[in-house]
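# Structural characterization, general
Here is how the chains run, residue by residue.
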Amino acid sequence: MILLAVDWALVLEKLIFIAVIITISLVVALYMTFGERKVAAWIQDRIGPNRAGPLGLLQPLADGVKMFFKEEIIPTSSNKVLFILGPSLAMITAMLTSAVIPWGDKAELFGRTITLQIADVNIGILYVFGVVSLGVYGIMIGSWASNNKFSLMGGLRAASQIISYELAMGLSLIALLMITGSLSLGEMVKQQQEGWWNFFLQPLGFFIFLVCAFAECNRTPFDLAEAENELIGGYHSEYSSLKLGFYLFAEYINMFISSAVMATLYFGGYDILPFYDETAWGLSANLMALLGAAALFVKILVFIFIFMWVRWTIPRFRYDQLMNLGWKKLIPLALFNMLVTAAVILFLKK
Amino acid sequence: MQLTNRAKQVDRRPLNFAEKIYLPAVLKGMGITFSHIFKKKATIKFPEETRPFSPVFRGLHILNRDEEGRENCTACGLCAVACPAEAITMDAAERLPGEEHLYREEKYAAKYEINMLRCIFCGLCEEACPKDAIYLTETFAPANYSRQSFIYGKENMVIPHPKENPEAFTKAKGLIDERKAKASQQQ
């Protein structure tokens, strides 16, 4: 019976934390759509949405309600099961990644020590990679099930793009793993808290990771999968109502999560300041955990802004440019970065 | 052979590594877009703010009254004759005894209609009027559901009565004076 002795308090704690994290990701993604429109407007010398509610803050709700009330159309020639599975999968995989990200340091609540991380898996970063790659199935299945040439084209583009950029991303990450010697995200953050942020050790690696993250999120300049002007929306041409909303929303959640991953891997996660020991402030553990989580969110927001900034600056790549950049530039660069890192580590150990 | 000195030599060298990796160009572009974030916005928040009209802007018409509230229009028909779009129609009537407080002269317009869908807002009616009766304002014709509602009658155009609504009357008069001043400046 020992096997069945479940720590119900732990289960409850994790369930509550999961609910909180998912709510936060959804709300952040909701307001990212608003932020996106605002940033786009500012960059184009406009004001952006400012009518719904104070400062236009209710705009995302209005957009959501609009999506909700749109007519639900499932094409007769489509595969219904897969057609519904596509957006659901995109949404689920987008949410799954948040499980292994350390959102903050340990906090103490009701006499319990609570880790602000849903699961500190020792292969955390591999899990992230696995789930993110699964995300493309949502797009592929949806585009296939639509039974539309343009959708299928978009799905194929998304698949080949993600395969190409996953390689460079993985290679840039290997160099990082050589330094940290751990796959656990929690462990990586702790190392960065004590030492340097990985960005200062791996600037080239970070750059490659950033570019690949853009490609993985299907964001401009890599949004060939949904190229409006060639593919009439690409993989979501046939979708309407909330299923379309799911696809669009999944993109924003993906952006949020990949920003969180980048902040965790290269910018010290919930570490507040680089090269500085925050314990010197002598604040209580709870307050430090809160400040740390806030610091992580600031970093995430900065990355999200960069995502949007780039989107409204650069036009879409041509497909051959995309493939050339991935295979002929980023992969050699990542390999070079990996070799240099390995050589330096070897040299320092001697 | 050189025809003009505007010809530019195009650089057709193959891209170097920095150009192939796109990053310098991307960063330059991002610099430009970032500077635009802080630039003055071109937007005019319409219902609250309006774009200033040109001094000669020509919008909807109004029919003038004098200081005692009597209508200026004598239904002479010069505006209708001047109108290139044939948007103006009117019926003349004779002023009866006891109506002196309503109409300034012994003839008046019993019906005065402008079809705002026909009207091209050229302002020739304003120029043609010898009686200081018709003026164009800085208002647009609002959108509507029926064609009939774009035919404006006297009830839509005659300015408020000085005794019934003195404030609105002085305001309308002020606008007319402004318009006259602007017109004289133009000449």
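Basis of the calculations
Residues numbered from 1 in each chain as written. Chains lettered and ligands numbered in written order. Predicted model: local features only at pLDDT ≥ 70, side-chain atom pairs only at ≥ 80, totals over all residues. UniProt positions renumbered as here; feature names shortened; annotations may be inferred. Helix = DSSP H or I, 4+ residues; strand = E, 2+ residues; numbered from the N terminus. Rg over C-alpha atoms; globule rule 2.2 N^0.38 Å. Buried ≥ 20, exposed ≤ 12 C-beta atoms within 10 Å, placed from the backbone. Contact = placed C-beta atoms within 7 Å. Axes fitted to C-alpha atoms, helices over the stretch in contact; angles between N-to-C directions. Parallel < 35°, antiparallel > 145°, perpendicular 65-115°, else oblique. Nonpolar A, V, L, I, M, F, W, Y, C, P; charged D, E, K, R; others polar. Core = buried A, V, L, I, M, F, W, Y, C linked by C-beta atoms within 7 Å. Pairing = 2+ DSSP bridges. Expected span 1.5 Å × (residues − 1). Left-handed = near helix turned anticlockwise from the far one by under 90°.

The name recorded for chain B in an unreviewed UniProt entry is NADH-quinone oxidoreductase subunit I, from Lacibacter cauensis. In its Subcellular location (unreviewed entry) section, UniProt records this for chain B: "Cell membrane".

Per an unreviewed UniProt entry, chain A goes by NADH-quinone oxidoreductase subunit H and derives from Lacibacter cauensis. Checking UniProt for chain A, the heading Subunit (unreviewed entry) contains the comment "NDH-1 is composed of 14 different subunits. Subunits NuoA, H, J, K, L, M, N constitute the membrane sector of the complex." Taken directly from UniProt, the Sequence similarities (unreviewed entry) text for chain A runs: "Belongs to the complex I subunit 1 family."

### Side note on the overall build of chain B
Scanning chain B from terminus to terminus reveals 6 helices and 5 strands. Sequence-ordered secondary structure for chain B, helices as α and strands as β, is α-α-β-α-β-β-α-β-β-α-α. Relative to its length of 187 residues, chain B is extended, with a C-alpha radius of gyration of 28 Å against a globular reference of 16 Å. With the principal axes as the frame, chain B shows a C-alpha extent of 95 × 45 × 40 Å. Across the 187 residues that make up chain B, the buried fraction comes to 17%. For chain B, the proportion of contacts with a sequence separation of at least 24, taken over those separated by at least 6, is 70%.

### Quick notes on the UniProt feature "transmembrane region" (unreviewed entry) in chain A
This chain's UniProt record puts "transmembrane region" (unreviewed entry) on residues 15-34, 81-101, 121-141, 162-183, 195-215, 244-267, 287-310 and 330-348 of chain A. Here residues 81-101 of chain A runs as 76% helix and 0% strand, with 32 Å between its end C-alpha atoms.

### Remarks on the UniProt feature "binding site: [4Fe-4S] cluster 2" (unreviewed entry) in chain B
Residue and element names in this part refer to chain B. Per the UniProt annotation, the sites labelled "binding site: [4Fe-4S] cluster 2" (unreviewed entry) are Cys83, Cys119, Cys122 and Cys125. Considering the C-alpha atoms alone, the annotated residues occupy 43 residues of sequence yet fold into one spot, their largest mutual distance being 10.5 Å. Along the chain, Cys119 falls in the loop between strand E3 (107-115) and helix H4 (124-128). A tally of 22 C-beta atoms within 10 Å means that Cys119 is categorised as buried. The contact partners of Cys119, leaving out residues within four places of it in the chain, are Ala85, Ala87 and Ile114. The exposure class of Cys122 is partly exposed, given the 15 C-beta atoms found within 10 Å.

### With respect to the packing of helix H4 (residues 124-145) of chain A against helix H5 (residues 149-180) of chain A
All names here are of chain A. Taken N-terminus to C-terminus, the directions of H4 and H5 make an angle of 170°; their axes are 8 Å apart at the nearest point. The pairing of H4 with H5 is recorded here as roughly antiparallel in orientation. Within the contact between the two elements, H4 uses Ile125, Phe129, Ser133, Val136, Ile139, Met140, Ser143 and Trp144 and H5 uses Ser151, Leu152, Gly154, Gly155, Ala158, Ala159, Ile162, Glu166, Gly170 and Leu173. Split into classes, the residues belonging to the contact of H4 with H5 amount to 11 nonpolar, 6 polar and 1 charged.

### Overview of the nonpolar core
Of all hydrophobic cores here, the largest spans 82 residues; its most connected members are Ala168(A), Phe209(A), Cys212(A), Ile253(A), Phe256(A), Met262(A) and Ile304(A). It is helix H10 (residues 241-266) of chain A that provides the largest number of residues to this core, a total of 15 residues. Excluding anything up to four places from it in sequence, Met262(A) contacts Phe209(A), Leu210(A), Ala213(A), Phe267(A) and Phe303(A). If you look at the next biggest cluster of nonpolar residues, it comprises 24 residues, including Ile62(B), Leu63(B), Ile114(B) and Ile159(B).

### Thoughts on the sheet that holds strand E2 (residues 88-94) of chain B
Residue and element names in this part refer to chain B. The strand order across the open sheet formed by 3 strands is E2-E3-E5, and the pairing between neighbours is antiparallel. The strands lining the two open edges of the sheet, one partner per strand, are E2 and strand E5 (151-152). The pairing of E3 with E5 spans 2 bridges and is antiparallel. For Ile114, the partnering residue across the bridge sits in E5 and is Tyr152.

### A closer look at the interface of chain B and chain A
Contact residues are listed per partner, giving 13 residues for chain B and 11 residues for chain A. Take the side of chain B that touches chain A: its biggest share by element is 7 residues, from helix H2 (residues 23-37) of chain B. Class assignment of the residues belonging to the side of chain B that touches chain A gives a composition of 6 nonpolar, 4 polar and 3 charged.

### Let's talk about the UniProt feature "binding site: [4Fe-4S] cluster 1" (unreviewed entry) in chain B
Residues and elements named next belong to chain B. Taking the UniProt record as the reference, the feature "binding site: [4Fe-4S] cluster 1" (unreviewed entry) is found at Cys73, Cys76, Cys79 and Cys129. The largest pairwise C-alpha distance within this set of annotated residues, which runs over 57 residues, is 10.5 Å, so the set is compact in three dimensions. Residue placement: Cys76 occurs in the loop between strand E1 (61-63) and helix H3 (78-82).

### A short note on the environment of Asp11(B)
Looking at where Asp11(B) falls in the secondary structure, it is placed in the segment before helix H1 (17-20). Spatially, the C-alpha atoms of Asp11(B) and Gly77(B) are 70 Å apart, while their sequence positions differ by 66 residues.

### A few points about helix H1 (residues 8-43) of chain A
When the terminal C-alpha atoms of H1(A) are compared, their 51 Å separation across 36 residues agrees well with the 52 Å that a helix rising 1.5 Å per residue should span. By the burial criterion, the buried members of H1(A) are Val28(A), Ala29(A), Met32(A), Phe34(A), Lys38(A), Val39(A), Trp42(A) and Ile43(A). Each element contacted by the buried residues of H1(A) is listed here: helix H2 (59-69), H10 and helix H11 (285-311) of chain A together with H2 of chain B. In the stretch just after H1(A), Asp45(A) is the one whose phi turns positive, near 60°.

### Examining unusual backbone geometry
Notably, Ser241(A) is not glycine yet its phi reads approximately 55°, a positive angle. Inspection of the secondary structure puts Ser241(A) in helix H10.

### Observations regarding the environment of Gly135(A)
All names here are of chain A. By secondary structure assignment, the location of Gly135 is in helix H4. With 27 C-beta atoms counted inside 10 Å, the residue Gly135 sits in the buried group. C-alpha of Gly135 to C-alpha of Met91: the two residues are 44 residues apart in sequence and 8.2 Å apart in space.

### Looking at the packing of helix H3 (residues 80-96) of chain A against H10(A)
All names here are of chain A. Closest axis-to-axis distance for the H3/H10 pair is 8 Å, and the angle between their directions is 20°. By the angle class used here, H3 and H10 are roughly parallel. Handedness of the crossing formed by H3 with H10: left-handed. Each of Pro87, Ser88, Ala90, Met91, Ala94 and Met95 in H3 lies in contact with H10, whose residues at this interface are Lys243, Phe246, Tyr247, Phe249, Ala250, Ile253, Asn254 and Ile257. Looking at the contact of H3 with H10 residue by residue, the classes come out as 11 nonpolar, 2 polar and 1 charged.

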